[in-house]
Amino acid sequence: MFASAVCVLRNSLCILSKRNFTQFPPLNMRLVQFQSLGSQNRRIGLELGDGGQIIDLNAFEPSLPCRMREFLEFGEPAFETAKRALDSSQYTLSRSEISLLAPISNPEKVICIGMNYVDHCLEQNVPVPKEPIIFSKFASSIVGPDDPIKLPAESQEVDWEVELAFVIGKKGKNIKEEDAMDHVAGFTVAHDVSARDWQMKKNGKQWLLGKTFDTFCPLGPALVTKDSISDPHNLAIRCRVNGNIVQNSNTNQMVFKTEALIAWVSKFVTLNPGDVFLSGTPPGVGVFRKPPVFLKTGDVVLCEIDELGVLRNPVV
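Residues numbered from 1 in each chain as written. Predicted model: local features only at pLDDT ≥ 70, side-chain atom pairs only at ≥ 80, totals over all residues. Heavy atoms only, no water.

Colleague: Hey, could you run me through the nonpolar core in this one?
Modeller: As a rule of thumb, soluble globular proteins bury nonpolar side chains together. Counting residues in each nonpolar core, the largest one holds 50 residues, and the members touching the most others are Phe166, Phe187, Cys239, Ile262, Leu271, Phe277 and Leu308. Ranked by residue count, the leading element in this core is helix H8 (residues 258-265), at 5 residues. Listed in part, the 32 residues of the second largest apolar core include Phe60, Leu64, Ala85 and Leu219. (Core = buried A, V, L, I, M, F, W, Y, C linked by side-chain atoms within 4.5 Å. Buried < 20%, exposed > 50% of the residue type's maximum accessible area, 1.4 Å probe, protein only. Helix = DSSP H or I, 4+ residues; strand = E, 2+ residues; numbered from the N terminus.)

Colleague: Hey, could you run me through a nonpolar patch on the surface in this one?
Modeller: Taken together, the side chains of Val118, Leu122 and Val128 define a hydrophobic patch exposed on the protein surface, amounting to about 240 Å² of accessible area. Position of Leu122 relative to the elements: it lies in helix H5 (residues 118-124). On the accessibility criterion, Leu122 (63% relative accessible area) is exposed. (Patch = residues over 30% accessible without salt bridge, like charges linked within 9 Å, V, L, I, M, F, W, Y side chains within 5 Å. Areas by Shrake-Rupley, 256 points an atom, 1.4 Å probe, with all protein chains shown as cover. Salt bridge = Lys/Arg side-chain N within 4 Å of Asp/Glu carboxyl O.)

Colleague: I would appreciate a short explanation of the pairing of strand E10 (residues 162-168) in the present structure.
Modeller: With respect to burial, E10 is a largely interior element, 7 of its 7 residues being buried. Burial along E10 is two-sided: Val162, Leu164, Phe166 and Ile168 and Glu163, Ala165 and Val167, pointing in opposite directions, are all buried. Sheet analysis places E10 next to strand E11 (residues 184-191), joined by 7 bridges and oriented antiparallel. Across the sheet, residue Leu164 finds its bridge partner in E11, namely Val189. By the bridge criterion, 3 bridges tie E10 to strand E16 (residues 276-278) in an arrangement that is antiparallel. Paired with Val167 across the two strands is Val276, which belongs to E16. (Pairing = 2+ DSSP bridges.)

Colleague: When you look at the pattern of salt bridges in this model, what are you seeing that I'm missing?
Modeller: A side chain with one charge may pair with a side chain of the opposite charge, provided their charged atoms come close. By the definition in use, this model includes 18 salt bridges. Residues Lys109 and Glu108 are paired through a salt bridge, measuring 2.4 Å at the closest nitrogen-oxygen approach. Between Asp299 and Lys296 there is a salt bridge, with its nearest N and O atoms 2.9 Å apart. Classification of Asp299 as buried rests on a relative accessible area of 4%. In the salt-bridge network here, residues are joined through shared partners; they are Lys137, Asp159, Glu161, Asp192, Arg196 and Lys211.

Colleague: I'm lost on the side chain of Lys211 in this one. Help?
Modeller: Structurally, Lys211 is set in helix H7 (residues 208-211). With relative accessibility at 1%, the residue Lys211 sits in the buried group. In terms of polar contacts, Lys211 uses its side chain to reach the side chain of Ser194, at 2.8 Å. Setting aside anything within four residues of it in sequence, one finds Lys211 in contact with Phe135, Ser136, Lys137, Glu161, Asp192, Val193, Ser194, Arg196, Gln199 and Phe216. (Polar contact = N/O pair within 3.5 Å; in protein donor to acceptor, adjacent residues only side chain to side chain. Contact = heavy atoms within 4.5 Å.)

Here's what the structure looks like:
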């Protein structure tokens, strides 16, 4: 069914040649996944400004994929259609009519970077890494921008970590730094929820289990195309717990920027559309406070990055 829809859409757009969507005129898009209230059907939309109305792209063009990964895999035709929908301002929905989901929910890979903020390294009194520190989460940990974070019975030390995330839009291997941004679809806000006891004390101190409990990767609210952002490496980034600022920094503190991370990781694995990178967290996490502070039932965590938006996740 999807293959036939792809053929229809390709024909309808009369593609003359296959190009990278980054060669387009400015897109200036905030792509979202959403559900209409009372429906379980996932759809792709465009957010008209942070917190604004949603254009239903699948209503504008029914043959478009309904999931973000497939939308990105389709490449230029999908973005051309989205640009036409944005210009038309048709099929708009109010926020009261929809529920936002994570902007991408089924990536092939969730690639995470540890110790990637200079000020976070100073917080721990550890050396700044000379090469990126890589770990992962499972896609099953992803939830939306307003979904609850569920405290697992297996952990007593669940912590917060606000992070800048970016999503791959074009397949590549052994990508050069100077070409890396051509492979980025856009940026979003991530929360790398972390069970510190499992990360630092158990399971041989391997990080994976402590990072990948269900609901431990809120994403959103939108996938913001890179041309919509002044500079992804100079954005204020902050986290609030119950209204109190606990992390407050800037993405200019990143040790390895987006281009370097793509070049490094693509030496080892092929990057595919939809792959998500979480690029590290600034100082202020709970485990390094004196005494340590961890999340508890009833807390509300806000993760915010300027120009991208806010995650608001209650803890249950």
